[in-house]
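# Structural overview
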Amino acid sequence: MSGKLTITVIILIVLFISVSYIYVINNPIEISIQANIGSTETSTTSSSTTTTTSSSTTTTIQLTTTSSSTTTTIPTTTTSSTTTSTTTTIPRTTTTIEVLEKEDSVAFNSDNSENIKIYEGEFISFDGFEGENQFNLDTLVANLPLELRKSVENNVIFVNGCHSYGATILGRCPFGVWDSAGTFADGSTNSNWKLSVWVSNKAFANNRAYNTLLHETSHALSYLTRNCVNSEGENQRKNAQEFFGSEELFADALVLYYGGDYLYYRDDLVLQGSEREYLENYASLCLKD
Ligand SMILES: [Zn+2]
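A quick note: this is a predicted structure, and the numbers were derived from the prediction, not measured.

Rules used throughout
Throughout this document, residue positions are counted from 1 along each chain, in the order its sequence is written. Two thresholds apply to this predicted model, a pLDDT of at least 70 for residue-level local features and 80 or more for giving and counting side-chain atom pairs, whereas whole-chain, interface and lining totals are computed over all residues. As a convention, hydrogens and water are excluded, and side-chain values are obtained from all of the structure's heavy atoms. Any two strands with at least two DSSP-identified bridges between them are counted as paired. Helical segments are the DSSP runs of H or I of at least four residues, strand segments are the runs of E of at least two, and each set is numbered from the N terminus. To get an axis, a line is fitted to the C-alpha atoms, and for a helix only the part in contact is used. The angle between two axes follows their N-to-C directions and goes from 0 to 180 degrees. An angle below 35 degrees is treated as roughly parallel, one above 145 as roughly antiparallel, one from 65 to 115 as roughly perpendicular, and anything else as oblique. Throughout, a crossing is termed right-handed when the near helix is turned clockwise from the far one, and left-handed when it is turned anticlockwise from it by less than a right angle. Should any heavy atoms of two residues lie within 4.5 Å, those residues are considered in contact. Exposure is judged per residue with a 1.4 Å probe applied to protein chains only, and the accessible area is read against the type maximum: over 50% gives exposed, under 20% gives buried, and values in between give partly exposed. Count a disulfide wherever a pair of cysteine sulfur atoms falls within 2.5 Å. We count a salt bridge whenever a side-chain nitrogen from Lys or Arg sits within 4 Å of a carboxyl oxygen from Asp or Glu.

In this section: the sheet that holds strand S7 (residues 196-199). Taking strand neighbours across the sheet as the criterion, the three strands line up as S5-S7-S6 in an open arrangement whose pairing is mixed. Two strands in the sheet have a free side with no partner beyond their single neighbour: strand S5 (157-160) and strand S6 (176-179). Strand after strand, the sheet turns through a mean of 15° between neighbouring axes, direction not considered. Sheet topology note: the S5/S7 ladder contains four bridges and is parallel. Within S7, the residue paired with Val-159 across the bridge is Trp-198.

Here Ala-240 shows up in helix H6 (residues 236-244). Here the alpha-carbon distance between Ala-240 and Tyr-278, two residues 38 residues apart in the chain, equals 8.3 Å.

The next point concerns the packing of helix H5 (residues 209-224) against helix H7 (residues 247-257). Interhelical geometry of H5 versus H7 gives an angle of 115° and a closest axis separation of 8 Å. In terms of axis orientation, H5 runs roughly perpendicular to H7. Judged by the twist between their axes, the crossing of H5 over H7 is right-handed. Facing H5, whose interface residues are Leu-214, His-215, Ser-218, His-219, Leu-221 and Ser-222, H7 presents Glu-247, Glu-248, Phe-250, Ala-251, Asp-252, Leu-254 and Val-255.

This paragraph deals with the environment of Leu-263. As for its placement among the helices and strands, Leu-263 is situated in the loop between H7 and helix H8 (273-286). Owing to a relative accessible area of 12%, Leu-263 belongs among the buried residues under this scheme. Leu-263 sits 10 residues away from Ala-253 along the chain, and the two C-alpha atoms are 8.4 Å apart. Beyond its immediate stretch of four places on either side in the chain, Leu-263 contacts Asp-252, Val-255, Leu-256, Asp-268 and Leu-269.

A word on the state of the cysteines. Taken as a whole and judged by the stated rule, the model has two disulfides. Each sulfur in the disulfide pair Cys-162 and Cys-173 lies 2.3 Å from the other. Here Cys-162 is found in the loop between S5 and helix H3 (164-170), whereas its partner Cys-173 is found in the loop between H3 and S6, with 11 residues between them in sequence. Across the pair, Cys-173 and Cys-162 agree in class, each one buried. Note on cysteine connectivity: Cys-228 is disulfide-linked to Cys-286, with sulfurs 2.0 Å apart. Given an S-S torsion of about -80°, the disulfide between Cys-228 and Cys-286 has left-handed geometry. With Cys-228 in the loop between H5 and H6 and Cys-286 in helix H8, this residue pair connects regions lying 58 residues apart in the sequence. Residue Cys-228 shares its accessibility class with Cys-286, and that shared class is buried.

Our focus in this paragraph is the pattern of salt bridges. On inspection of all chains with the given rule, the structure shows four salt bridges. Where Glu-153 meets Lys-150, a salt bridge forms, and the shortest distance between an N and an O atom there is 3.7 Å. In this structure Lys-150 comes out as partly exposed when scored by relative accessible area, which is 42%. The salt bridge involving Glu-247 is made with Arg-237; its shortest N-O contact spans 3.7 Å. Residue Glu-247 is located in helix H7, and its partner Arg-237 is located in helix H6; the two are separated by 10 residues in the primary sequence. For Glu-247, a relative accessible area of 4% translates into the label buried. Arg-237 gets classed as buried once you look at its relative accessible area, which sits at 3%. Here the residues in one salt-bridge network are Arg-149, Lys-150 and Glu-153, joined through shared partners.

Below, the structure is given as structure tokens:
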């Protein structure tokens, strides 16, 4: 019996490119974890690792510790690969972690046990949640410059805690963390604290809470505007990172723009006219009211 031959050609193109950047920055212990997921850009800081697989993951962990003039770079690369068929795509996850350390100051207040109002909300279950300063943090958030606050408040949560993955990487509690990916203590992501700014008790104890908050919130603004393009279709966040030199320098510039005076990476404490103008344009183009 001659049956019809049916040729079915199925071309399956799965395209998903994930690029995650995790920047962990420590100044007097500041960390910011930042992730871009689903964008088409590739990490420029990751080392030469790629994975070609249908189901594998590439994790590039780069630890950079800078103490004043010393720079130590420890790239750790884990690659697993399996072969795929021809045409297709490469699910890829790249995670880059940078730890930059300029100074280290640790001071704990342990005798502050007066009548502290205790926070009892959902943050309690978050890895590293502290809570003693949750209400103080809420107050600081409420006092952020209006434009900055409005640009993030519907998307970002502000947690008083010692971000546990950040603490693991750093070996001690960070002052602040920006965590877009929602990173668990073990480094896996997608927790309930995606898009979170963390400010630790240690930051409060060192009178750095507002500075830390301002810096991390600037990362949040930067992240939330990651898809903003100008009329030429140019990605404005990438432009800004190039204009100022890096994501960190962009964040520091935003800190100045929003009235802060504590900088983690930038040397110049004054925003130049052209820089201010640049940020004004950025805000008017990328921040919706
Ligand atoms: Zn930062």
